[in-house]
Amino acid sequence: MSKLDLTGQINGLTFNQLFLNASGVHCQSTEELDDLLNDPYMGGIVTKSATLAKRDGNPAPRYYELQNGSINSMGLPNYGFDYYIKYVLSDHAKPTILSVAGLSAADDVKLLHQIQDSDYDGLTELNLSCPNVIGKPQMAYDVDGTRALLDEIFAFYKKPLGVKLPPYFDLVHFDQIAAVLNKYPLTHVNTINSVGNGLWVDVASESVVIKPKGGFGGLGGKMVLPTALANVRALRQRLNASIKIIGTGGVQTGADVFAHILCGAELVSVGTQLQSEGLGVYKRLTTELERIMTDKGYQSLSDFRGNLKTI
Ligand code: DHB
């Protein structure tokens, strides 16, 4: 394996490789999570976002592969908080990130109380950005609501906590959310979640392609790469250096990974491409990234992380 340094750190915890799965893909069952942990090209794993209670999610078809990405409205199918905390509490050779998603701010607080009261001291990621629960908006688009929620959480929560954000599209919105996030001892921000509520039309059948919400769903994959890079870059320029960034979105090639790191990502996660290509994706991406680094004379991600040039 690699002689290059592909490590990253969050909250002083070292990830020996930079790759994670994007939450939601291949991480619902313990078998799937074990598959990820056993992949030598993965640095760590993220669980499917856990809700307080088990959920079946939305009716199928709820994930559809497009020519340059994917659209999904899974609706948070998961085995419930107890299942995932039990998994991350057992000994693993790599860092784990426990992703949690309340169906309301009150649920978020309950979930974090349970973690605070547990023996789990690893990383947790609060998902403020699920676009697919019918009737529930994405919390992190409500900047004041996010501040109120984080105020309530950090009044009692003393363990490592990051947040998963939706994509933002306006520079003022980056200023606003970063100003809020910088007030808390967050370990990391994971950006981006899927681009919410896209719609795909199949012209032959004159129909939408997924069933929930009349066909509206979160977009991922290649088509979201520029949005993901913009969010990694804009947040890296605004967040405290202690808040690391997990770059998620649109990664298909080693060059895409390189671009995420140049924008300031500490680690990179892969969702749509993992779904379509399977577990071999991490070996391929590692090989492609190492080739680029070697050609450029870089030995470590820290040689170029965040060093994007402007014109
Ligand atoms: C789901 C989708 C998301 O983008 C997310 O953050 C959490 C859950 C889902 O539909 O299951």
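This one's a predicted model, so the numbers in the text were calculated from it and none came from an experiment.

### Points about the site of the ligand
Part 1: Around the ligand lies a shell formed by Lys48, Asn72, Met74, Gly75, Leu76, Pro77, Asn127, Cys130, Pro131, Asn132, Asn193 and Ser194.
Part 2: Lys48 places a polar side-chain atom, nitrogen or oxygen, 2.9 Å from an oxygen atom of the ligand.
Part 3: Interatomic distance of 3.3 Å between a side-chain N/O atom of Ser194 and an oxygen atom of the ligand.
Part 4: Here the residues of the shell around the ligand are counted per class, giving 5 nonpolar, 6 polar and 1 charged.

### Side note on helix α5 (residues 171-181)
Part 1: Within α5, the full set of buried residues consists of Phe174, Ile177, Ala178, Val180 and Leu181. Within α5, the buried residues cover an arc of 160 degrees as seen down the axis, which keeps them to one side.
Part 2: Lining the buried residues of α5 we find α4 (143-154), β9 (161-164), β10 (188-191) and α6 (225-238).
Part 3: If you check the start of α5, you find a side-chain oxygen 2.9 Å away from the backbone N of Val172, and it comes from Asp170.

### A look at the packing of helix α1 (residues 30-37) against helix α2 (residues 81-89)
Part 1: For the pair α1 and α2, the least separation of the axes is 11 Å and the interaxial angle reads 30 degrees. It follows that α1 is roughly parallel to α2 by the angle criterion. Taken as a pair, α1 and α2 cross one another with a handedness that is right-handed. Together, Thr30, Leu33, Asp34 and Leu37 of α1 and Tyr83, Tyr84 and Tyr87 of α2 make up the contact between the two elements.
Part 2: Split into classes, the residues belonging to the contact of α1 with α2 amount to 5 nonpolar, 1 polar and 1 charged.

### Describing a nonpolar patch on the surface
Part 1: On the surface, Leu199, Val201, Val203, Val208 and Phe216 cluster together to form a nonpolar patch covering roughly 430 Å² of accessible area.
Part 2: Inspection of the secondary structure puts Val203 in the loop between β12 (201-202) and β13 (207-208).

### Notes on the pattern of salt bridges
Oppositely charged side chains may form a pair once their charged atoms are brought near each other.
Part 1: If you walk through the whole model with that rule in mind, you get 9 salt bridges.
Part 2: Among the salt bridges present, the one from Lys159 reaches Asp121, with a minimum N-O distance of 3.7 Å. Of this pair, Lys159 sits in the loop between α4 and β9 while Asp121 sits in the loop between α3 (105-116) and β8 (123-127), and the two are 38 residues apart along the sequence.
Part 3: Among the salt bridges present, the one from Arg238 reaches Asp175, with a minimum N-O distance of 2.6 Å. Of this pair, Arg238 sits in helix α6 while Asp175 sits in helix α5, placing them 63 residues apart in sequence.
Part 4: Under the relative-accessibility criterion, Asp175 is labelled partly exposed at 39%.

### Some points on the sheet that holds strand β5 (residues 63-66)
In any sheet, the strands associate via hydrogen bonds between backbone groups, in a parallel or an antiparallel arrangement.
Part 1: Across the sheet, 4 strands lie side by side as β5-β6-β14-β11; this open sheet has antiparallel pairing. Unpaired on one side and paired on the other, β5 and β11 (195-199) mark the two borders of the sheet. Sheet twist, expressed as the mean angle between neighbouring strand axes with direction ignored, is 40 degrees.
Part 2: Relative to strand β14 (residues 216-220), β11 runs antiparallel, the two sharing 3 bridges. Opposite Val195, over in β14, you have Leu219 as the bridge partner.

### Quick notes on the packing of α6 against helix α7 (residues 254-263)
To characterise two packed helices, one gives the angle between the axes of the helices and the distance between these axes.
Part 1: Contact geometry for α6 and α7: axes closest at 8 Å, N-to-C directions at 25 degrees. When the axes of α6 and α7 are compared, the pair comes out roughly parallel. Regarding α6 and α7, the two cross each other, and that crossing is right-handed. In this structure, α6 contributes Leu225, Ala228, Leu229, Val232, Arg233 and Arg236 to the contact, and α7 contributes Asp256, Ala259, His260 and Cys263.
Part 2: For the contact of α6 with α7, the per-class residue count stands at 6 nonpolar, 1 polar and 3 charged.

### Quick word on the environment of Glu31
Part 1: The residue Glu31 is located in helix α1 in this model.
Part 2: Take Glu31: its relative accessible area is 54%, and that puts it in the exposed class.

### Some points on the sheet that holds strand β3 (residues 19-21)
Part 1: If you trace the 8 strands from one edge of the open sheet to the other, you get β3-β16-β15-β10-β9-β8-β7-β4, paired in parallel fashion. Across the chains shown, the open sheet's two edge strands, defined by having one partner strand only, are β3 and β4 (45-46).
Part 2: Alignment of β10 against strand β15 (residues 244-248), held across 4 bridges, turns out to be parallel. In the strand pairing of β15, Thr191 is matched with Gly247.
Part 3: Helix α9 (residues 281-296) rests against β3 and β16 (267-270) of the sheet, and its axis sits at about 150 degrees to β3.

### Section: the pairing of β5
Part 1: Summarising the sheet, β5 and strand β6 (residues 69-72) pair through 4 bridges and their orientation is antiparallel. Within β6, the residue paired with Tyr63 across the bridge is Asn72.

Reading guide: rules and limits
- Residues numbered from 1 in each chain as written.
- Predicted model: local features only at pLDDT ≥ 70, side-chain atom pairs only at ≥ 80, totals over all residues.
- Heavy atoms only, no water.
- Near = heavy atom within 4 Å.
- Polar contact = N/O pair within 3.5 Å; in protein donor to acceptor, adjacent residues only side chain to side chain.
- Nonpolar A, V, L, I, M, F, W, Y, C, P; charged D, E, K, R; others polar.
- Buried < 20%, exposed > 50% of the residue type's maximum accessible area, 1.4 Å probe, protein only.
- Helix = DSSP H or I, 4+ residues; strand = E, 2+ residues; numbered from the N terminus.
- Arc of directions from axis to C-beta.
- Contact = heavy atoms within 4.5 Å.
- Axes fitted to C-alpha atoms, helices over the stretch in contact; angles between N-to-C directions.
- Parallel < 35°, antiparallel > 145°, perpendicular 65-115°, else oblique.
- Left-handed = near helix turned anticlockwise from the far one by under 90°.
- Patch = residues over 30% accessible without salt bridge, like charges linked within 9 Å, V, L, I, M, F, W, Y side chains within 5 Å.
- Areas by Shrake-Rupley, 256 points an atom, 1.4 Å probe, with all protein chains shown as cover.
- Salt bridge = Lys/Arg side-chain N within 4 Å of Asp/Glu carboxyl O.
- Pairing = 2+ DSSP bridges.

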